[in-house]
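Next come the chains, spelled out residue by residue.
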Amino acid sequence: MSNQTSIPVIVNGAAGKMGREVIKAVAAASDLTLMGAIDTTPEHQGKDAGELAGLSEPLEVPITNQLEPMLAYVAGERQMQPGVLVDFTHPDAVYSNIRSAIAYGIRPVVGTTGLSPAQLEELADFAEKASTGCLVIPNFSIGMVLLQEAALRASQYFDHVEIIELHHNQKADAPSGTAIQTAQLLAEMGKTFNTAIVEETEKIPGARGSLADEGIRIHSIRLPGLIAHQEVIFGAAGQIYTLRHDTSDRACYMPGVILAIRKVNQLKSLVYGLEKIL
Ligand SMILES: NC(=O)C1=CN([C@@H]2O[C@H](COP(=O)(O)OP(=O)(O)OC[C@H]3O[C@@H](n4cnc5c(N)ncnc54)[C@H](OP(=O)(O)O)[C@@H]3O)[C@@H](O)[C@H]2O)C=CC1
Ligand SMILES: O=C(O)C1=N[C@H](C(=O)O)C[C@H](O)C1
C-alpha cells in the first residue's frame, strides 16, 4: 500500500484493554498505518505500543501522553489520507479529545462511552461546522446491532420491556452506553412502554434500576469475571421473550472499529451508531 492511500491512525487509550486490541487490529490492516499511541498511564510512557499489545515484533511507535502534538504532526502529514483518532479512554476525557481532534482536522472514531446528550449535540455542531466526519459508536460488535434490530421488531408486539446490562467491575460508567442507546432506539419507535398497573415504592432507592427514555428501565450489574453482556427482556400475558448478547473476547469489536476507520473519511458530520455505516 503506497503512502498516498494509507490512512494514518492515532490510538488514544493505547495501553487500555480496548486500545491494545485496536493496536493489533490496525497493525494487521495493510491500508492503515499506526502513527501514534497515546495513553496517560505513567508506567507505560515510552514503551513500544506493539510490544505492549502483545505483538512479537515492535511497531516502533512509543506510547506518549502528548495528544495535541501528535494530532498536529498527523495533520501536517500531506503524503497520506486524512488522519483518524480512535478513542477508547475514559468518559471524563472523551469530549475534549474529540474536540481537539476535529480542531486539527483529524477524524474521530469514538468507542468511549459516557458522553451526555448535551455533549453529543455540541460535538455534532462542531463537526458539522468543521465539515469533518466523526463516528461515535457505543458498541462495535455486529451481534449487538442484530440484537437491537430484533428488539425493535419485538417492540411492535410487546408493550413491556426492561434491559439488564452486565459488565466487568473496572467499568467507570453506568448504565452502559449500549444500554442507553438500546433504550433510545426503542423509544424512537414512538410508543410508551411499561404503563404501571400498581403504584410502586422502592424500599431501597435504585431497586427498580434507572429510568431511561420512554419508561424503559436499565439494570446494571458489575462483577469480576464478566466482560460485556446485555439482555433485553420483553413481557406479555403468559410469555417472556429474551434477547441476549455475550462477549467473550474484545476481538469481537475489531471488525467494526476497522470499518469505522475506513468509513469516517467519507463523512462530513457526526454519525452515531454502527448500524448507520453497515
Ligand atoms: N464502543 C465499544 O464497542 C466499546 C466501548 N468501550 C468503552 O471504551 C472505553 C475504554 O474501555 P477499556 O479499554 O475497557 O478501558 P481501560 O481502562 O482498560 O483503558 C482506558 C485507557 O485509557 C487511558 N486513559 C484514561 N484517560 C486518558 C486520557 N485522557 N488520555 C489518554 N489515555 C487515557 C487509561 O489510563 P489509566 O488506566 O492510567 O487511567 C487506560 O490505559 C470505556 O468507555 C468503555 O465503555 C469498551 C469496549 C467496547
Ligand atoms: O466498558 C465496556 O467494557 C464496554 N463498554 C461499552 C458500553 O458502555 O456499552 C460497550 C460494551 O458494552 C463494552
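Each remark here, short or long, concerns the structure printed above.
Computed from a prediction, not measured in an experiment: that's the story for all the values here. (Residues numbered from 1 in each chain as written. Chains lettered and ligands numbered in written order. Predicted model: local features only at pLDDT ≥ 70, side-chain atom pairs only at ≥ 80, totals over all residues. Heavy atoms only, no water.)

Student: Help me out: how do you make sense of the overall build of the protein chain in this one?
Tutor: From N to C terminus, the protein chain includes eight helices and twelve strands. Relative to the 2.2 N^0.38 estimate, which gives 19 Å for 278 residues, the radius of gyration of the protein chain is 20 Å and therefore close to what a compact globule would have. For the protein chain, the C-alpha atoms occupy an extent of roughly 65 × 40 × 30 Å along the three principal directions. Counting only residues that meet the buried cut, the protein chain has 49% of its 278 residues in that class. Restricting to contacts in the protein chain with at least 6 residues of sequence separation, those with at least 24 account for 73%. Accessible area of the protein chain: about 13400 Å², with a carbon and sulfur share of 53%. The averaged location of the 31 negative side-chain charges in the protein chain is 2 Å from the averaged location of its 21 positive side-chain charges. (Helix = DSSP H or I, 4+ residues; strand = E, 2+ residues; numbered from the N terminus. Rg over C-alpha atoms; globule rule 2.2 N^0.38 Å. Buried < 20%, exposed > 50% of the residue type's maximum accessible area, 1.4 Å probe, protein only. Contact = heavy atoms within 4.5 Å. Areas by Shrake-Rupley, 256 points an atom, 1.4 Å probe, with all protein chains shown as cover. Lys, Arg positive; Asp, Glu negative; His and termini not counted. Charge placed at Lys NZ, Arg CZ, Asp CG, Glu CD.)

Student: Please explain the packing of aromatic side chains as it appears in this structure.
Tutor: Geometrically, a pair of aromatic rings is defined through the distance of the ring centres and the angle of the planes. With the rule as written, the count across this model stands at four aromatic pairs. Measuring from ring centre to ring centre gives 5.6 Å for F158 and F234, while their planes differ by 45°; the resulting arrangement is tilted. Here F158 is found in the loop between helix 6 (142-154) and strand 7 (160-167), whereas its partner F234 is found in strand 10 (residues 228-236), with 76 residues between them in sequence. In this structure F158 comes out as buried when scored by relative accessible area, which is 10%. Assessed through its relative accessible area of 0%, F234 is described here as buried. Through a chain of ring-to-ring contacts, three or more aromatic side chains come together here, namely F158, F234 and Y241. Of note, R99 hangs over the ring of F126, and the distance from its end group to the ring centre comes to 3.9 Å. (Phe/Tyr/Trp six-rings, centres within 6.5 Å; stacked < 30°, edge-to-face > 60°. Lys NZ or Arg CZ within 6 Å of the ring centre and 35° of its normal.)

Student: Help me out: how do you make sense of the site of ligand 2 in this one?
Tutor: As a structural note, the neighbourhood of ligand 2 is formed by T113, P138, N139, H167, H168, K171, S176, G177, T178, A228 and Y253. One of the side-chain N or O atoms of K171 is found 2.7 Å from an oxygen atom in ligand 2. Interatomic distance of 2.9 Å between a backbone N/O atom of G177 and an oxygen atom of ligand 2. For ligand 2, the accessible surface in isolation is 320 Å², of which the surrounding protein chains cover 84%. More than half of the atoms of ligand 2 fall within 2 Å of the grid points belonging to the largest pocket. Residues of the shell around ligand 2, tallied by class, amount to three nonpolar, seven polar and one charged. (Near = heavy atom within 4 Å. Polar contact = N/O pair within 3.5 Å; in protein donor to acceptor, adjacent residues only side chain to side chain. 1 Å grid on protein atoms, 1.4 Å probe; cavity = no way out; pocket = protein on both sides within 12 Å on 5 of 7 lines; lining within 4 Å. Sits in = over half its atoms within 2 Å of the grid points. Nonpolar A, V, L, I, M, F, W, Y, C, P; charged D, E, K, R; others polar.)

Student: Would you mind going over the packing of helix 4 (residues 94-103) against helix 5 (residues 117-130) with me for this structure?
Tutor: The description of two packed helices rests on the angle between their axes and on the distance between the axes. Two elements in contact, helix 4 and helix 5, have axes separated by 10 Å at closest approach and are oriented at 5°. In terms of axis orientation, helix 4 runs roughly parallel to helix 5. Residues Y95, I98, R99, I102 and A103 of helix 4 form the contact with helix 5, whose participating residues are Q119, E122, L123, F126, A127 and A130. Here the residues of the contact of helix 4 with helix 5 are counted per class, giving eight nonpolar, one polar and two charged. (Axes fitted to C-alpha atoms, helices over the stretch in contact; angles between N-to-C directions. Parallel < 35°, antiparallel > 145°, perpendicular 65-115°, else oblique.)

Student: I tried to follow the site of ligand 1 on my own but got confused; where do I start?
Tutor: Taken together, 22 residues lie near ligand 1, and M18, D39, T41, T113 and K171 sit nearest. P138 is positioned with one of its backbone polar atoms (N or O) 3.0 Å from a nitrogen atom of ligand 1. Contact with the protein chains covers 77% of the free accessible surface of ligand 1, which is 920 Å². The site holding ligand 1 turns out to be the largest pocket.

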